[in-house]
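Residue-level listing of the chains:
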Amino acid sequence: MSRFGDLIGSKPTPAPTPTPTPEPERVLTEVPVVEEPQVVLTEYIAPTLEEMTKDELENYGRELGVELDKRHSKRRMISEIREFESNS
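How each quantity is defined
- Residues numbered from 1 in each chain as written.
- Predicted model: local features only at pLDDT ≥ 70, side-chain atom pairs only at ≥ 80, totals over all residues.
- Heavy atoms only, no water.
- Helix = DSSP H or I, 4+ residues; strand = E, 2+ residues; numbered from the N terminus.
- Buried < 20%, exposed > 50% of the residue type's maximum accessible area, 1.4 Å probe, protein only.
- Contact = heavy atoms within 4.5 Å.
- Salt bridge = Lys/Arg side-chain N within 4 Å of Asp/Glu carboxyl O.

Undergrad: How should I be thinking about the overall build of the protein chain in this particular structure?
TA: Along the protein chain, the regular secondary structure elements total three helices and zero strands. Reading the secondary structure of the protein chain in the N-to-C direction produces α-α-α. When burial is assessed residue by residue, the protein chain has 14% of its 88 residues classed as buried. Expressed as a percentage of contacts within the protein chain between residues at least 6 apart in sequence, the contacts between residues at least 24 apart total 20%.

Undergrad: Honestly, the pattern of salt bridges in this entry has me stumped. Any pointers?
TA: For side chains bearing opposite charge, pairing can occur when the charged atoms are close. Summed over the entire model, instances satisfying the criterion amount to seven salt bridges. In this structure, Asp-55 engages Lys-70 in a salt bridge whose closest nitrogen and oxygen atoms are separated by 2.5 Å. Pair noted here: Asp-55 is in helix α2 (residues 54-64) and Lys-70 is in the loop between α2 and α3 (74-87), with a separation of 15 residues, a long-range link. Between Glu-58 and Arg-62 there is a salt bridge; the shortest N-O distance is 3.3 Å.

Take a look at the structure:
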């Protein structure tokens, strides 16, 4: 008889027995060791004023105590810094 017929009828149906699932086999593998690249520290050479961007020039001017306007040309900003350094 079908499962539905068993439910309607008076005879009890046994509960299905769970089948155990086998655990997967664990396999250990060796992981290769990757060495970290060595960092070589070199001496930091500050960029010259001509190599700096306008943002860097503005920040450098602030460190010196002079306020520069980024709307001006880079050449004018450099000359303002040099003028301030020569007067100090």
